[in-house]
Structures are given as structure tokens and as C-alpha cells.
Amino acid sequence: MNVMKAGKRYAAWTAGIVSLSMAFAMSGCASKYGPADAVTYVESVLDASYRAEFEEYMQLTDSTPEEAQAMYQQNIENVMSGVGIDSAGLSDELSGQYREIAPRLLALAKYEVTEAEREDNGFAVRVAIEPFEGYLGLEDDLVSALEEDAAGMTEMPDDLTVNEIVYQNMLEILQQKIDKPVYGDPEEYTIHVTEGDDRVYEIPKEELIELDYALFPAG
């Protein structure tokens with residue numbers, strides 16, 4: 001495997017680092033539900049998913065601490081899957097380092113739930129966001145780092161070694177971007193809280209995925 005081709009292939013995978021983290025629907029029950037409740041609900045969902053802040057979410061959804069933690073842990077697993085760790089055959093040490101930074105990646109989500117308006121079947125909730133720009137240009141950064149490594153090689157490493165080199169470089173780049181995060185211009189996003197059967201309110205999972213892409217654009 002060519003080291004540079006591998007670098008481009010793995011850099012392309014990083015577009016899914018966080019994009020899978022919200023790929024599930026959540027719901028909350030209420031006998032009387034108003035705009036303020038919708039704001040609180042959306043805020044609790046985002047805080048639980050990105051920041052591991054569970055108290056409000058557990059109260060609104062009657063979730064146990066174990067259920068809330070399991071939900072967040074699944075987000076971590078989705079980050080790992082999005083990076084391609086499971087299929088790369090990396091060393092336990094390097095895989096562990098990625099698992100350690102996964103919560104820090106999720107916590108980079110920058111949002112503020114501002115207001116809600118009543119609609120026919122629920123509420124339109126406004127979320128002010130600032131997109132994290134750390135993934136923009138990540139492929140170029142990774143390829144540049146690999147070019148430096150390749151310049152000092154006297155022989156072609158095997159595929160597992162190539163994987164280790166690529167992911168080690170990508171980890172170092174991500175750590176730098178986490179330590180000094182850069183955000184884009186503020187944007188406004190709308191999340192719909194819809195009423196289903198038995199007055200169960202939920203957020204369409206497709207909208208959560210779209211919000212996640214907006215928070216963490218890749219390219």
C-alpha cells in the first residue's frame with residue numbers, strides 16, 4: 001500500500017468522525033408542553049449527547065443514569081467507528097489514545113438553544129451554532145505530514161505499519177485542533193420537536209444528524 005494513498009483514504013474517513021454520534025431519536029413525555037419546555041428538551045438532548053451532562057435529560061425522559069451513560073458511550077463508539085479504528089488493526093495503545101480524545105471531540109460542539117415557536121404538530125426550536133472548522137483541510141494537513149514521514153523512509157512498510165503511521169499522524173493533528181479550536185461564523189439552525197402518539201415528543205433523528213454535520217463540517 002502506498003503511504004500517500006493511504007493518507008488520503010483515511011483522511012476522507014474523518015468526515016464521519018462525529019456525524020454518527022446523534023443518529024438516534026430521543027423522546028420525552030409531557031401532559032402540558034409549551035415553547036419553554038421544547039427549548040429545555042432540545043438543550044437537554046444536546047447537553048447529554050455532546051457534553052455528558054445528564055441530569056436534565058434524565059428528568060425529562062425518565063431515563064436512568066445507566067441508560068443516559070450508555071447513550072453517551074454509544075456516541076463514543078460511533079466516533080471510533082467513524083474514524084475507522086475498529087477496522088484499521090491499530091495497536092491497543094493508539095486505539096486507546098483515540099478513545100481518550102473522543103469525548104473532547106464531542107465537547108467541541110458549540111451551540112445555544114435560544115427560542116421555540118409553536119407549530120401545528122409541535123415546535124420549531126432555534127439553535128445558534130458556531131461550526132467547528134477543525135476538519136476542514138484535515139486531508140491536506142495529513143497528507144503534508146505523511147510526505148515528511150515518507151521522505152525519510154528507506155523501504156516501504158507493510159500495511160499494518162502504514163495504518164499506524166497514518167493514524168498516529170492524524171491523532172497528532174486532531175490533538176492540535178482540539179487544543180486550539182477554530183470556529184466559523186455563527187449560524188442558526190432549526191430543530192423540530194414533534195408530538196407523536198400518547199403525547200410523546202421527539203426530535204427527528206434526521207435533523208439531529210444534519211445538525212451534527214452543521215456543527216462539525218468536513219471537507
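All of these numbers come straight from a predicted model, not from anything done at the bench. Per chain, residue numbering runs from 1 following the sequence as it is written. Only residues with pLDDT of at least 70 get local features here, since the model is predicted, and only at 80 or more are side-chain atom pairs given and counted; chain-wide, interface and lining totals rely on the full set of residues. Water and hydrogen atoms were dropped before computing side-chain values, which therefore reflect all heavy atoms in the structure.

1. Some words on helix H2 (residues 35-51)
Counting from the N terminus, the helices are the DSSP runs of H or I reaching at least four residues and the strands are the DSSP runs of E reaching at least two. Here the expected span of a helix is defined as 1.5 Å times the quantity of residues minus one. Along its 17 residues, H2 runs 23 Å from first to last C-alpha, staying within 8% of the 24 Å computed at 1.5 Å per residue. Classification of residues uses two cut-offs on accessible area relative to the type maximum, computed with a 1.4 Å probe and protein chains only: under 20% is buried, over 50% is exposed, and between them is partly exposed. Restricting attention to buried positions, one finds in H2 the residues Ala-38, Val-39, Tyr-41, Val-42, Ser-44, Val-45, Leu-46, Asp-47, Ala-48, Ser-49 and Tyr-50. Trailing H2 by a residue or two, Ala-52 shows a phi angle of about 60°, which is positive.

2. Topic: helix H8 (residues 159-179)
Between its terminal C-alpha atoms H8 stretches 30 Å, which fits the 30 Å expected from 21 residues at 1.5 Å a residue. Restricting attention to buried positions, one finds in H8 the residues Val-162, Asn-163, Ile-165, Val-166, Tyr-167, Asn-169, Met-170, Leu-171, Ile-173, Leu-174, Lys-177 and Ile-178. Side-chain atoms alone can form a polar contact between residues adjacent in sequence; in general such a contact is a pair of N or O atoms within 3.5 Å, and within protein one must be able to donate a hydrogen while the other accepts it. The backbone nitrogen of Leu-160 has a side-chain oxygen 3.3 Å away, supplied by the residue at the start of H8, namely Asp-158.

3. Observations regarding the packing of aromatic side chains
Each Phe, Tyr or Trp ring (for Trp, its six-membered ring) is paired with any other whose centre lies within 6.5 Å, and the angle between the two planes then decides the class: stacked below 30 degrees, edge-to-face above 60, tilted in between. Counting across every chain of the model gives 11 aromatic pairs. Aromatic side chains Phe-54 and Tyr-72 sit 6.1 Å apart centroid to centroid with 65° between the ring planes, which places their arrangement in the edge-to-face category. Note that Phe-54 is positioned in the loop between H2 and helix H3 (55-61) and Tyr-72 in helix H4 (residues 65-83), a separation of 18 residues in sequence. As far as the burial class goes, Phe-54 and Tyr-72 line up, both buried. Connected via pairs of aromatic rings, a cluster forms that spans Tyr-50, Tyr-111, Phe-132, Tyr-135, Tyr-183 and Phe-216.

4. Quick look at a negative patch on the surface
Residues Glu-43, Glu-55, Glu-56 and Glu-112 make up a contiguous surface patch of negative charge. Residue placement: Glu-112 occurs in strand E2 (residues 111-119). Accessibility expressed as a relative area gives 52% for Glu-112, which makes it exposed. Only residues whose relative accessible area exceeds 30% and that form no salt bridge are eligible for patches; like-charged ones are grouped when within 9 Å, while nonpolar side chains (Val, Leu, Ile, Met, Phe, Trp, Tyr) are grouped when within 5 Å. Surface accessibility follows the Shrake-Rupley procedure with a 1.4 Å probe radius. Residue values consider only the protein chains on display as shielding. Take a side-chain nitrogen of Lys or Arg and a carboxyl oxygen of Asp or Glu: if they are within 4 Å of each other, that pair is a salt bridge. In this charge count, Lys and Arg are treated as positive and Asp and Glu as negative; neither His nor the chain ends contribute. Each charge is placed at NZ for Lys, CZ for Arg, CG for Asp and CD for Glu.

5. A word on unusual backbone geometry
Of note, Ala-52 is a non-glycine position whose phi angle comes to about 60°, a positive value. Position of Ala-52 relative to the elements: it lies in the loop between H2 and H3. What makes Ala-52 partly exposed here is its relative accessible area of 31%. One non-glycine residue with positive phi stands out, namely Asp-62, at about 60°. In this fold, Asp-62 is placed in the loop between H3 and H4. Owing to a relative accessible area of 64%, Asp-62 belongs among the exposed residues under this scheme.

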